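# Chains, contacts and geometry: an overview
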Amino acid sequence: MQLDKRTQDIFNEFTANFDGAPTHLAIAPGRVNLIGEHTDYNDGFVLPIALDRDVRVLFRPRSDRQVKIYALEFDSWTDFEIGAFQWDDDQLWPNYVQGVSQALAETGVSLQGFEGVVSGNVPRGSGLSSSAALEIAVAKAFLASANQIHALSGPQLAQAAQKAENEYVGVNCGIMDQFISALGEEGHALLIDCRSLNYRRVPLPADATLVIGNTKASRSLAGSAYNERRAQCEDGVRRLQAVLPSITALRDVTSAQLEAYKNLLPETVYRRCRHVISENERVHATVEAFEQDELQRVGQLMNASHTSLRDDYEVSSRALDVMVEAMRSYPGCLGARLTGAGFGGCAVALIRAGSEADVRQAIRKSYATTMNLWPEVYISAPSSGARVLPLT
Ligand code: GLA
């Protein structure tokens, strides 16, 4: 197999650190979400794409249950035996790897160890799901090493990776990031029902391009505020159950019901619920607009999503608002919104294809002028989800 430059570099690291050569390559992408924010943990709907940026693991199965991995960007190692989970205080990434092995073992798959080198080009800590990409790439490497690559379906793989993050790393995320990393498809977004885990492909039209603006602003509040938002949604559900006993999540509540029973909710909880319920409606409206090729409508829905996240859900930040404005002021821009958990990280914009040439520079300049911070701008086509390739 002819290796591209990036994979060749990882290959060379493998041969420098282990005897012999790797036998397989596992690849799992990061993601950007077009619309449907903070809906996944409310059993709702999301519309993400897999990015053309990914985490790669070049590996060779072992015949025992030992795992030895070198992480190129961190210049650090992990070495552990499957089943003997031990929290690593010094570095975070090995905890994801160990968590994945635990969660996979809990599905009943009998695992084997491997030795490997891991390397990624998904910007870290930027809301583009580098952690989910790491989890899914490593999960694929575990399954392939045990000759069990088909033991779990894509949704089951995503659930195991989410469990690793929830129960072993202690981050209370929903299923979106792992799901799209496992199942993304070239040229398409996926409409995912986060309750049933059914999904369908939504082709992205050739006359639109996705632009991602990385604010480079820190997301320090993200963890605690994320959990607080989840708790507020659950509180809303509990209070609404007094009059709507059959609901189990905000997914089950309509806008009309929310308005009718508004007086049962504290004002902040009401606004959190209003975001989630209206965002689910916007996801469906966006899919419809894509399918009818009404790109302007998609842009308006993205703009409305940002307003709702900023004012009702309160997860935007000055940097994100400035980035969204910088994107919207670009002439070909149809709409822009923050993407991912918020508080910092990235925004996503839909722009008319053909005007990409200077979009990076224009957005960077306009953002930097106000923020005094140099952002990064990426253009990404919807790409394939995770896969394992034999190298021999
Ligand atoms: C993070 C979480 C996801 C999702 C988004 C917000 O990316 O990992 O599960 O909740 O925030 O939509």
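### Examining the overall build of the protein chain
- The secondary structure content of the protein chain amounts to eleven helices and 13 strands.
- For the protein chain, whose C-alpha radius of gyration is 21 Å, the value lies close to the compact-globule estimate of 21 Å for 392 residues.
- A buried classification covers 57% of the 392 residues belonging to the protein chain.
- Long-range pairs, those at least 24 residues apart, make up 72% of the contacts in the protein chain between residues at least 6 apart in sequence.

### Side note on the site of the ligand
- The environment of the ligand is made up of Arg 31, Glu 37, His 38, Asp 40, Tyr 41, Cys 173, Gly 174, Met 176, Asp 177, Tyr 226, Gly 340 and Ala 341.
- Taking Glu 37, its side chain carries an N or O atom lying 2.7 Å from an oxygen atom of the ligand.
- Between the ligand and Asp 40, the relevant distance is 2.5 Å, taken from an oxygen atom to a side-chain nitrogen or oxygen of the residue.
- About the coverage of the ligand: the protein hides 92% of its 300 Å² of free accessible area.

### So, the sheet that holds strand β11 (residues 346–352)
- Taken together, four strands build an open sheet; the order of strands is β10-β11-β9-β12 and the sheet is antiparallel. Of all the strands in the sheet, just β10 (333–339) and β12 (376–379) have a single pairing partner and so form its edges. The mean angle between the axes of side-by-side strands here comes to 20°, regardless of whether they run parallel or antiparallel.
- The strands touched by helix α9 (residues 295–311) within the sheet are β9 (208–214), β10 and β11, with β10 carrying the most contacts at an inclination of about 30°.
- Running at roughly 155° to β12, helix α11 (residues 359–371) makes contact with β9, β11 and β12 of the sheet.

### Side note on the pattern of salt bridges
- Going through the model one piece at a time under the given rule, you end up with 28 salt bridges.
- The salt bridge involving Asp 79 is made with Lys 68; its shortest N-O contact spans 3.1 Å. One end of the pair, Asp 79, is in strand β5 (residues 76–81); the other, Lys 68, is in strand β4 (residues 66–71), and eleven residues separate them in sequence.
- For Asp 79, a relative accessible area of 45% gives the class partly exposed.
- Here Lys 68 falls in the partly exposed class, since its relative accessible area comes to 24%.
- Arg 271 serves as the salt-bridge partner of Glu 267, at 3.0 Å between the closest nitrogen and oxygen. Residue Glu 267 and its partner Arg 271 are both found in helix α8 (residues 267–291); the two are separated by four residues, about one turn of the helix.
- Members of the salt-bridge network, linked through shared partners, are Asp 4, Arg 6, Asp 54 and Arg 56.

### A short note on the environment of Asp 235
- One can find Asp 235 in helix α6 (residues 222–240).
- Taking C-alpha positions, Asp 235 is 8.8 Å from Leu 265, a pair spaced 30 residues apart along the chain.

### Some remarks on the domain arrangement of the protein chain
- Split by domain assignment, the protein chain resolves into domain 1 (5–204 + 383–390) and domain 2 (208–380).
- A straight line from the C-alpha centre of domain 1 to that of domain 2 covers 26 Å.
- Counting residues at the interface gives 35 residues for domain 1 and 42 residues for domain 2.
- When the buried surface of domain 1 facing domain 2 is broken down by residue, Ile 35, Glu 37 and His 38 rank first, second and third, together holding 21% of it.
- Inspection of the region where domain 1 meets domain 2 yields four salt bridges.
- Where domain 1 touches domain 2, the interface holds 22 residue pairs in polar contact (both at pLDDT 80 or more).
- Of all the secondary structure elements, the ones that give two or more residues to the side of domain 1 that touches domain 2 are β1 (24–33), β2 (45–46), β3 (48–61), β7 (188–193) and β8 (199–203).
- With four residues, the top contributor of residues to the side of domain 1 that touches domain 2 is β3.
- Among the residues forming the side of domain 1 that touches domain 2, the class breakdown is 15 nonpolar, eleven polar and nine charged.

### Structural notes on the packing of aromatic side chains
- Enumeration over the complete set of coordinates arrives at eight aromatic pairs.
- Ring plane angle 70° and centroid distance 5.5 Å describe the contact between Phe 18 and Trp 77, whose orientation is recorded as edge-to-face. Of this pair, Phe 18 sits in the loop between α1 (5–17) and β1 while Trp 77 is found in strand β5, placing the two residues 59 residues apart along the sequence.
- Note on Phe 114 and Phe 142: the rings are 5.0 Å apart at their centroids and 70° apart in plane angle, and the pair reads as edge-to-face. Residue Phe 114 is found in strand β6 (residues 114–120), and its partner Phe 142 is found in helix α3 (residues 130–145); the two are separated by 28 residues along the sequence.

### Digging into the side chain of Glu 279
- By the secondary structure assignment, Glu 279 is in helix α8.
- Residue Glu 279 is classed as buried on the basis of its relative accessible area of 0%.
- Look past the residues within four positions of Glu 279 in its chain and what remains in contact with it is Ile 35, Gly 36, Glu 37, Thr 39, Ser 305 and Arg 337.

Thresholds, definitions, all that
Residues numbered from 1 in each chain as written. Predicted model: local features only at pLDDT ≥ 70, side-chain atom pairs only at ≥ 80, totals over all residues. Heavy atoms only, no water. Helix = DSSP H or I, 4+ residues; strand = E, 2+ residues; numbered from the N terminus. Rg over C-alpha atoms; globule rule 2.2 N^0.38 Å. Buried < 20%, exposed > 50% of the residue type's maximum accessible area, 1.4 Å probe, protein only. Contact = heavy atoms within 4.5 Å. Near = heavy atom within 4 Å. Polar contact = N/O pair within 3.5 Å; in protein donor to acceptor, adjacent residues only side chain to side chain. Areas by Shrake-Rupley, 256 points an atom, 1.4 Å probe, with all protein chains shown as cover. Pairing = 2+ DSSP bridges. Axes fitted to C-alpha atoms, helices over the stretch in contact; angles between N-to-C directions. Salt bridge = Lys/Arg side-chain N within 4 Å of Asp/Glu carboxyl O. Domains from an automatic or database assignment. Buried area = accessible area lost by both parts, 1.4 Å probe. Nonpolar A, V, L, I, M, F, W, Y, C, P; charged D, E, K, R; others polar. Phe/Tyr/Trp six-rings, centres within 6.5 Å; stacked < 30°, edge-to-face > 60°.

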